[in-house]
Amino acid sequence: MTEAPLYLRTVNWMMLLYSLGMLAIAGLAWLGHEFGRNPTMVLVFAWAMGALGVSAFLYGWLPLELRADEEGLQWRQAGPRRSLRWSEIEGFGVWRDRSMDAWNEHPVVRLTRRQQSRPLARLMIRLTPAARQARKTETLYQQSGYDIGLMLPVRMTLTQLEAELERRLSVARSAG
């Protein structure tokens, strides 16, 4: 009996909220230009913020997907779907940018904020040496020891997702 695929899908709600903020700023700047007889630079600023807001809205509305089945792992953050076979994956992990933690510990930041904001965690994938060489992965996450970083806002914690993917990886290795 085969196990049901793990399928997670959502939209990027934080990006959608960000885009609405950008569009609100653009609208206020446009109103300021129309009713306040402000200089043309305010209108240019409104158009630029509006373009950023529309771009962020479209990017946020794209589905974020993660699927794990018998064959491997497929994901889509934006754009085309990418995939890895279980034989190409060495392991998973959860990683946070520690430089962001150090910035949050700065005395001025601690005085001006009541609550420390945590950087977004990423689900990290470490490839086998053969897959790493074949795919020519970038060294973006070289400090972390992983090859691919996914920022997927899912309804389970990333440590739970990591444990589930590690379990599926070990089942695939024992079957193959």
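Cut-offs used in this document
Residues numbered from 1 in each chain as written. Predicted model: local features only at pLDDT ≥ 70, side-chain atom pairs only at ≥ 80, totals over all residues. Heavy atoms only, no water. Buried < 20%, exposed > 50% of the residue type's maximum accessible area, 1.4 Å probe, protein only. Helix = DSSP H or I, 4+ residues; strand = E, 2+ residues; numbered from the N terminus. Pairing = 2+ DSSP bridges. Axes fitted to C-alpha atoms, helices over the stretch in contact; angles between N-to-C directions. Phe/Tyr/Trp six-rings, centres within 6.5 Å; stacked < 30°, edge-to-face > 60°. Patch = residues over 30% accessible without salt bridge, like charges linked within 9 Å, V, L, I, M, F, W, Y side chains within 5 Å. Areas by Shrake-Rupley, 256 points an atom, 1.4 Å probe, with all protein chains shown as cover. Salt bridge = Lys/Arg side-chain N within 4 Å of Asp/Glu carboxyl O. Contact = heavy atoms within 4.5 Å.

1. A word on the pairing of strand β5 (residues 89-95)
Reasoning step 1: The element β5 is extensively covered by neighbouring structure, given that 5 of its 7 residues are classed as buried.
Reasoning step 2: Looking at chain direction, β5 and strand β6 (residues 122-127) are connected through 6 bridges and run antiparallel. Following the sheet pairing, Phe92 is matched in β6 by Ile125.

2. A closer look at the sheet that holds strand β2 (residues 63-68)
Reasoning step 1: Taken in spatial order, the 4 strands of this open sheet run β1-β2-β3-β4, and their pairing is antiparallel. If you trace the sheet from one side to the other, it starts and ends with β1 (6-11) and β4 (82-85), each paired once. In this sheet, neighbouring strand axes are inclined to one another by 5° on average, regardless of whether the strands run parallel or antiparallel.
Reasoning step 2: Where β1 and β2 come together, 6 bridges link them in antiparallel fashion. Following the sheet pairing, Leu6 is matched in β2 by Ala68.

3. Here's the deal with the packing of aromatic side chains
Note on aromatic pairs: each is described by the distance of the centres and the angle between the planes.
Reasoning step 1: A complete count under the given rule lists 2 aromatic pairs for this structure.
Reasoning step 2: Here Phe57 and Trp61 contribute two aromatic rings whose centre-to-centre distance is 6.2 Å and whose plane-to-plane angle is 10°, an arrangement assigned as stacked. Taken together, the residues span about one helical turn, with Phe57 and Trp61 both in helix α2 (residues 40-61) at a distance of 4 residues.
Reasoning step 3: Considering the side-chain rings of Trp86 and Phe92, the 6.4 Å spacing of their centres and the 75° angle between planes classify their relative orientation as edge-to-face.
Reasoning step 4: Residue Trp86 is classed as buried on the basis of its relative accessible area of 6%.
Reasoning step 5: The class for Phe92 is buried, based on a relative accessible area of 3%.

4. What to know about a nonpolar patch on the surface
Reasoning step 1: Taken together, Trp13, Met14, Leu17, Leu20, Leu23, Val54, Phe57, Leu58 and Trp61 make up a surface patch of nonpolar side chains, about 970 Å² in accessible area.
Reasoning step 2: At the level of secondary structure, the elements contributing two or more residues to the nonpolar patch comprise α1 (13-36) and α2.
Reasoning step 3: For the nonpolar patch, the element with the most residues is α1, which contributes 5 residues.
Reasoning step 4: Classification of Phe57 by relative accessible area gives partly exposed; the value is 35%.

5. Re the side chain of Thr128
Reasoning step 1: Mapping Thr128 onto the fold places it in the loop between β6 and α5 (129-135).
Reasoning step 2: Assessed through its relative accessible area of 17%, Thr128 is described here as buried.
Reasoning step 3: Leave out the neighbours within four places in its chain, and Thr128 touches Ser87, Glu88, Ile89 and Glu90.

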